[in-house]
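Summary of structural features
Each chain is listed here by its residues.
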Amino acid sequence: FSSQQQCIQQGKRKLCLSPKQLNMVSSGLKAAALFLAYTTSINAWQVSNINSRFTGVSKHSLDNISHAVQSSRRTSPMQMVATDPEISVGGGRGGMFTATNAENRRVVPEDARGRPVMKVVYVVLESQYQSSMTAAVKRINAGSDNMAVECVGYLLEELRNDDAFEQFQKDVADANVFIGSLIFIQELAEKVTGVVEPLRDQLDAVLVFPSMPEVMRLNKVGQFTMKNLGQSKSVVSDFMKKKKQEDGSSFEEGMLKLLRTLPKVLKFLPSDKAADARTFMMSFQYWLGGSPENLESLMLMVGQDYVEPVKQAMVGKEKVEMEEPVVLPDKAIWHPVAPDIVFENNSKYFEWYDKEFAPEAGIDPKTAPTVGVILQKSHINTKDDTHYVSLISELESRGARVVCIYSGGLDFSGPVEEYFYDASGKQIVDTVINLTGFALVGGPASQDHKKAASVLKKLNVPYMCAVPLVFQSFEEWQASELGLHPVQVALQVSLPEIDGAIEPIIYAGREGATGRSVPLADRVNLLADRALKWSNLRTKKNADKKMAITIFSFPPDKGNVGTAAYLDVFDSILAVMKQMKKEGYDIGDAPMTKEEIMESILNDPEAKISSPELNVAYRMSTDEYYELTPYAEDLEENWGPAPGNLNSDGQNLVVYGKQFGNVFIGVQPSFGYEGDPMRLLFAKSASPHHGFAAYYTYLEKVFGADAVLHFGTHGSLEFMPGKQVGMSGTCYPDRLINSLPSAYLYAANNPSEATIAKRRSYSATVSYLTPPAENAGLYKGLKELKELISSFQGLRENEGRGPAIVNSIVSTAWTCNLDKDIPELPDLETYDAKDDTLENRDAIVGKVYAQIMQIESRLLPCGLHTVGVPPTAEEAIATLVNIAQLDRPEDKIEGLPRVIAASVGRDINDIYRGNNEGVLTDVELNDKVTEASRAAVRALVAQSTDSNGRVKEVKNMFDEMGDFFGGMMGQKKPWTQAIVKAGFPDVSEERLAPLIGYLEFCLKQVVANNELGGIMELLNGEFLMPAPGGDPIRNPDVLPTGRNMHALDPSAIPTSAAVEISEGVVDKLLEKLAADNDGAVPESIAFTLWGTDNIKTYGESLAQVLALVGVRPVADSLGRVNKVELIPLEELGRPRIDVVVSCSGVFRDLFINQMNLLDRGIKMAAEADEPLEMNFVRKHAMQQAEELGVSLRDASCRVFSNSAGSYSANVGLAIENGGWEDESQLQEQFLTRKGFAFNADKPGMMEQQADLFKSALKTVDVTFQNLDSSEISITDVSHYYDSDPTKVVQGLRDDKKKPMSLMADTTTANAQVRSLSETVRLDARTKLLNPKFYEGMLSTGYEGVREIQKRLRNTMGWSATAGEVDNFVFEDANSVFIEDPEMQQRLLDTNPNAFRDMVTTFLEANGRGYWETSEDNIERLQELYAEVEDRIEGV
């Protein structure tokens, strides 16, 4: 005893209480009883004093368990603490950072007393069975006269470790019984099968409960096998098949239903035939029961009936009569202190809860929010429920009612529908937290996301899915920069997101010695706080809610306030404010025009600012800041003491923005290190600065926001340092957002970064449309070329006029700088077409024609999108044309060009090939097919367009009587008529029908409008339906927008379709390279992998890397890809190409399992004993192993990224902000920040391997990236050049030769591989220099000028990193935007700050040697810069 605490110890258990707590506990028998009930649930782990670093149940929890004692429960200092044993992470490969400590699960009888010893080996997904199995074995060893048991258990993930796997093999080799459960990870299922299958005959029994089919087939109980279950004409198999047909039950659901009817089924079978089946089913019941008593019965039953030594020892003895399985109902309501273990209906539960429990706990049932909690039954069965009890008590200590439900199977939708509604059908919960971490329907096996989403939408409350650590101990998670284990990310973060779940907060850890679950106090607190904040949005009146709208300014500059990809931010804010007003929110005297809202935040409309300051909403003193921001001192390491010089007036921290009634519109500060060359070089990103922290402190604790709406793609919050997934309390996104609910408006085409926002900043995302796409069209000289070609087509054989037109075509092509794209373009000085053959003239015209049609047909987004404004009918056409272009074999839909081409006996792929080679007849035919496609889609849309140019109810192709009679009269449909009119009279209407039906569905999706509705659903605390993000042309399911965007199941990529497409691209790539290099293929290619691109294409670029190396991804029986195999050289037919893969930080976060796959595949190639001239991976790895003094395996690491929690090479930041000295600084940034290797042998970390990174890059011959979407091209964003290593490789190569730079363009059905310089030219011609693009942007005003300047700045970025921008691009841009006085004035008046940045970019491009131009141009720019500066300063 001490004066501070009083401790009681009994055996290994120790409990310490403060004097205050002792008073509480002694305040009544009820409190003591509740306290005892609680402590018995944690009897398997040690409670020690509060200073240990492993925090368990938090300070609120004991107070709440002693509910009867006090009404205020927010101050008790008690903490329960679990101590972990020493962790031994074994050596060997693929440990996936799981502590291997199976010896903690080994029980050997101390004294067998002459009894036969039965050895049991078990493998389970999670550790909750450990303590029950251990207790059951000890009971048998102490009390059974017939047998003793030796038992050892393995967690599935431990089998990745070589040492653990070797021990597992030894254990199974001398085991009697093997038990497995929930083995759903393919490569580990194969390991288990590989060990158990050869020993199956010698094992006395094999019991496998729901797992992969190949593991289930190992089952053996006497004559009973799974083979019999699936095939024999038994009552059991008939029952299972019937259930499957009736309701689509999964295997496990079928088994559970069977268990309920088992006694009736088995009663009618001869006992000898039924005995083995009965034993298996009883075993499953005992296993599901989970308690030590049930598991004791399971082992006794199997031992005396099937284990030979035990059977022999029992000859002449009476068999032990087993207790019936003690099992809880399959679904019920549970509460840790309820008098009944469970309740099977909610009326009885609430009668007890509201009348008996709530009054003593200080909960008012009439006003309390109600939280529904979903639990895993196995934790209740095994009494491994401390983590559940902790959260329940935290919620109740905050005055909430709690209703906890479980399901015996993996489908929780039934209990949700049964227990979360009252008798009248009204929902009784305000928020739902799923504590299992699994998808709502199907758990880790096969999911039914549609069913889950519809059940949750009907309930219509926020749905949070929190995650218990399964494969890591607390310490491992705490120490890991990556955070949550990759397998758990796939199973327990990605899959629930597809159901519509939000906020994957880690709330419990694993205690190493016993395997029991332990609550993590600060995480449980956070989860409780956030759940109740979400329920508050449901219950609070709109008029009383305080809302914070956060906008971004990036790069930080007054001309950039309101930055968001493709979004007209201030117009969209206006739309949201109007909707809020309509729904009863208090928006005070908020202005009702876009310009006035801008003025109030910027101090002056259209950014014509005479002051450098934005509108100051609040000045926070440093005292207030330090008092309200608990982590403020941690920021001093990077930024010194507050206030610092960012978002500061020298004395206070400054929050920019403006309040209107209960709505605050604020400007999120920037990273803070954009213009600092030294900070940009740091390998790991710096913490947020004090101004950034003060902004979020203000929102939560000063303004008192009920929720924050982050407005557009994207800010900096989600990219702050911290773990990748599974934030801890020291991760900055977690600290900043704290308990504030966050809705985040994100572009529908960017699911990868949206997913980062969901996981790292706990944001519920709402997707918005990108602007409608249009064909780039032709202008100026390009338009003239098209007219000349049209003339030539009519006069090509006219020897008088034909050659003259060809001369004009050649001359105009040179004027348009097409000579860079057409090497065959004749010399202007010496060529005369009249001296040339007709065939050659055709070839020249064909090449020019192909080039300009490539420009004309390229899609570009026009203008900016305003939230809640769907596209017009005209705007929908270009999108639909591109949707119609693609074949969709999985839906049995042929693309429109394919059907049209077939009507003239041609294959569209042959036409594309001829077109790309400049064959004039094929270029003409391709153009004609394109025009026919556009006409057909226009005709389709026209029949559903109203007089205002909007799409009304989409008219179905089959629903009009007129069409019926028209068909009888032989009249063709409007779209068919359009194709016939375009020159294809034989097109098949029947072949068109499936596509037309699909396009009608897509048209509905394109023009649907739910963005404002989606935002308001979140702010009103409702469930927002999930939807995939990505490219709406490839995947129209992305539409309609206004839904909660998710990525995809990472284990599903690359799909077989992606593999097929990628092989085609790799063939084109290698063909192009061989053609340019005298038939030689490159030895090494540097590759960039992006998160969004791989989501949109289902892993095409990932599959390209594997294809180059000669490795094939292999899917398991559930369609998940977690295995690779080497393609034999004979089949490959070429050398294995070495790769150096640079993964974006977002790809690393979303696809760590795929990085593991890549690394394993590359190592497989490096270790293949093959001739070096046929295996460049092995050749280079052997050289690097010798050079660096490491093993071949370590030298073959080729998968690199940022350190965990850091993003980008900061090259884009440096170029956007001008914060760079010279190119060597950019190259050093790239090498420092991207040089962290992923190693499948040590996967818990990203390891800095700068020397290996450099050594691999210096062998590179080609740099390569993919463009897969027309919406985001290489000058739209800085990401592409930020990760481009072209000049880096040149600097590292011994010969200083610049590698070839190539881009694959799969934005259309006609996939192509181009040089980087070709791609830059194409992009400049279709966007920056295209009147359709820049006039569309200027029509949106202030934001549009910024968008034009951004393209110019990004074009210069390519000069800096790759040197692949032609001089004419800058020269022509200068002509368009600077030389034209009228254009100059428009830009200056609309957004002077952005125009100043444009002038600066031109001067910088010249100063850095990227643009050669006349002295007159430079003088004009310098004068203009001084003029704009004066204008901005108000001089």
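**Some remarks on the overall build of the protein**
Looking only at helices and strands, one finds 60 helices and 36 strands in the protein. For the protein, with 1435 residues in total, the buried portion stands at 65%. Counting contacts in the protein only where the partners sit at least 6 residues apart, residues at least 24 apart contribute 76% of the total. For the protein, the exposed area adds up to about 50,100 Å²; of that, 50% sits on carbon and sulfur atoms.

**Regarding the sheet that holds strand β4 (residues 148-155)**
Spatial ordering of the open sheet is given by β4-β3-β5-β6, a layout of 4 strands whose pairing is parallel. In this open sheet, the two edge strands, each paired with only one partner strand, are β4 and β6 (205-208). Neighbour-to-neighbour, the strand axes of this sheet turn through a mean angle of 15°, independent of strand direction. Sheet topology places strand β3 (residues 117-124) next to β4; 8 bridges connect them, and they run parallel. Within β4, the position partnered with Tyr122 by the bridge is Gly153. Against the sheet, helix α4 (residues 129-143) touches β3, β4 and β5 (177-181), its axis set at about 170° to β4.

**A look at unusual backbone geometry**
Look at the link from Leu1039 to Pro1040: it is a cis peptide, with omega at -5°. A cis amide bond, omega 0°, links Ile1053 with the succeeding residue Pro1054. Relative to the elements of secondary structure, Pro1054 occurs in the loop between β26 (1044-1046) and α41 (1056-1076). A positive phi angle, close to 70°, is found at Ser1208, a residue other than glycine. In this structure, Ser1208 sits in the loop between β31 (1199-1201) and α49 (1211-1217). According to the relative accessible area criterion, Ser1208 is partly exposed, its value standing at 24%. In the Ramachandran plot, Lys1296 falls in the positive-phi region, its phi being about 55° despite a non-glycine side chain.

**A look at the packing of aromatic side chains**
Going through the model one piece at a time under the given rule, you end up with 39 aromatic pairs. Each ring, one from Phe165 and one from Phe168, has its centre 6.3 Å from the other, and the planes form 35°; the classification is tilted. Of this pair, Phe165 and Phe168 both sit in helix α5 (residues 162-173), separated by 3 residues, roughly a single helical turn. Taking the relative accessible area as the measure of exposure, Phe165 reaches 15% and is therefore buried. Relative to Trp1411, the ring of Phe1402 has its centre 5.5 Å away and its plane inclined at 55°; by these criteria the two rings are tilted. Given a relative accessible area of 0%, Phe1402 falls into the buried group.

**Section: helix α12 (residues 292-306)**
The first and last C-alpha atoms of α12 sit 21 Å apart over 15 residues, in line with the 21 Å expected at 1.5 Å per residue. Burial analysis of α12 places 13 of its 15 residues in the buried class, the great majority of the element.

**Observations regarding the environment of Asn1354**
Looking at the secondary structure, you find Asn1354 in helix α56 (residues 1342-1361). As a C-alpha pair, Asn1354 and Ile1215 span 139 residues in sequence and 8.2 Å in three-dimensional space. In contact with Asn1354, not counting residues within four places along its chain, are Glu1216, Thr1275, Asp1276, Val1277, Ser1278 and Tyr1281.

**Description of the sheet that holds strand β10 (residues 401-407)**
If you walk across this open sheet you meet the 6 strands as β8-β7-β10-β9-β11-β12, and the pairing is mixed. Two strands close off the open sheet at either side, each with one partner strand: β8 (342-343) and β12 (463-465). The pairing of strand β11 (residues 431-434) with β12 spans 3 bridges and is parallel. Pairing of Asn434 across the sheet is with Cys465, part of β12. In the packing of helix α14 (residues 346-361) onto the sheet, the strands contacted are β7 (331-334), β8 and β10, and the crossing angle to β10 comes to about 145°.

**Focus on a negative patch on the surface**
Negative charge collects at one region of the surface, where Glu1415, Asp1416, Glu1419, Glu1423, Glu1427, Asp1430 and Glu1433 lie side by side. Here Asp1416 lies in helix α60 (residues 1415-1433). The exposed category is assigned to Asp1416, whose relative accessible area is 54%.

**So, the pattern of salt bridges**
Inspection of every chain in the model, using the stated rule, returns 79 salt bridges. Here Asp734 and Arg523 are joined by a salt bridge, their closest N and O atoms 2.7 Å apart. Of this pair, Asp734 sits in helix α28 (residues 732-737) while Arg523 is found in helix α21 (residues 521-539), placing the two residues 211 residues apart along the sequence. This pair shows no difference in class: Asp734 is buried, exactly as Arg523 is. The network of salt bridges with shared partners includes Glu103, Arg106, Lys119, Glu150, Asp171 and Asp174.

**Considerations on the packing of helix α36 (residues 920-942) against helix α39 (residues 989-1007)**
Remark: α36 packs on α39, axes separated minimally by 11 Å, with the N-to-C direction vectors making an angle of 60°. Relative to α39, the element α36 is oriented oblique. In this structure, α36 meets α39 at a crossing whose hand is right-handed. Residues Val937, Leu940 and Val941 of α36 form the contact with α39, whose own contacting residues are Ile996, Leu999, Glu1000 and Leu1003. When grouped by side-chain class, the residues that make up the contact of α36 with α39 number 6 nonpolar, no polar and 1 charged.

**A closer look at the pairing of strand β19 (residues 663-667)**
Taking burial as the measure, the 5 residues of β19 include 5 buried ones, the bulk of the element. Because side chains alternate across β19, one face comprises the buried residues Val663, Ile665 and Val667, and the other comprises Phe664 and Gly666, equally buried. Alignment of strand β16 (residues 547-551) against β19, held across 5 bridges, turns out to be parallel. Bridge pairing in β19 places Ile549 opposite Ile665. Two elements, strand β18 (residues 652-660) and β19, share 4 bridges in a ladder whose sense is antiparallel. Bridging from a neighbouring strand, Gln659 pairs with Phe664 of β19. Counting the residues in the hairpin turn of β18 and β19 gives 2 residues, including Gly661, whose phi is positive at 60°.

**A short note on the confidence of the model for the protein**
When pLDDT is averaged along the protein, the result is 85; 87% of the residues meet or exceed 70. Across the protein, β11 holds the top mean pLDDT of 98, while helix α2 (residues 29-40) sits lowest at 30. Low pLDDT (under 50) marks residues 228-237, which in the prediction has 12 contacts with non-local residues, meaning those over four places away or in another chain.

**Quick notes on the pairing of β3**
Strand residues, when the strand is regular, have side chains that alternate between the two faces of the sheet. Within β3, 7 of the 8 residues are buried, which leaves it mostly tucked inside the rest of the structure. In the classification by handedness, the crossover that spans β3, the intervening α4 and the parallel β4 is right-handed. In this structure, β3 lies alongside β5, joined through 5 bridges in parallel fashion. Residue pairing in the sheet places Val123 in a bridge with Gly180 of β5.

**Regarding the environment of Ser1142**
Note on placement: Ser1142 falls in strand β30 (residues 1138-1143). Looking at Ser1142, the relative accessible area reads 5%, which means it is buried. Those residues in contact with Ser1142, other than ones at most four positions away along the chain, are Phe1087, Thr1088, Leu1089, Phe1200, Phe1230 and Lys1234.

**Examining the environment of Gln1265**
Residue position: Gln1265 is located in strand β34 (residues 1262-1267). On the accessibility criterion, Gln1265 (2% relative accessible area) is buried. In this structure, the C-alpha to C-alpha distance between Gln1265 and Leu1089, residues 176 residues apart in sequence, is 7.7 Å. Those residues in contact with Gln1265, other than ones at most four positions away along the chain, are Thr1088, Trp1090, Tyr1280, Asp1284, Leu1302, Met1303, Ala1304 and Trp1358. For Gln1265, the side chain forms a polar contact with the side chain of Trp1090, separated by 3.1 Å. Within polar-contact distance, the side chain of Gln1265 engages the backbone oxygen of Tyr1280 at 2.9 Å.

Calculation rules
- Residues numbered from 1 in each chain as written.
- Predicted model: local features only at pLDDT ≥ 70, side-chain atom pairs only at ≥ 80, totals over all residues.
- Heavy atoms only, no water.
- Helix = DSSP H or I, 4+ residues; strand = E, 2+ residues; numbered from the N terminus.
- Buried < 20%, exposed > 50% of the residue type's maximum accessible area, 1.4 Å probe, protein only.
- Contact = heavy atoms within 4.5 Å.
- Areas by Shrake-Rupley, 256 points an atom, 1.4 Å probe, with all protein chains shown as cover.
- Pairing = 2+ DSSP bridges.
- Axes fitted to C-alpha atoms, helices over the stretch in contact; angles between N-to-C directions.
- Phe/Tyr/Trp six-rings, centres within 6.5 Å; stacked < 30°, edge-to-face > 60°.
- Expected span 1.5 Å × (residues − 1).
- Patch = residues over 30% accessible without salt bridge, like charges linked within 9 Å, V, L, I, M, F, W, Y side chains within 5 Å.
- Salt bridge = Lys/Arg side-chain N within 4 Å of Asp/Glu carboxyl O.
- Lys, Arg positive; Asp, Glu negative; His and termini not counted.
- Charge placed at Lys NZ, Arg CZ, Asp CG, Glu CD.
- Parallel < 35°, antiparallel > 145°, perpendicular 65-115°, else oblique.
- Left-handed = near helix turned anticlockwise from the far one by under 90°.
- Nonpolar A, V, L, I, M, F, W, Y, C, P; charged D, E, K, R; others polar.
- pLDDT = per-residue confidence, 0-100.
- Right-handed = clockwise from strand over helix to strand, strands pointing away.
- Polar contact = N/O pair within 3.5 Å; in protein donor to acceptor, adjacent residues only side chain to side chain.

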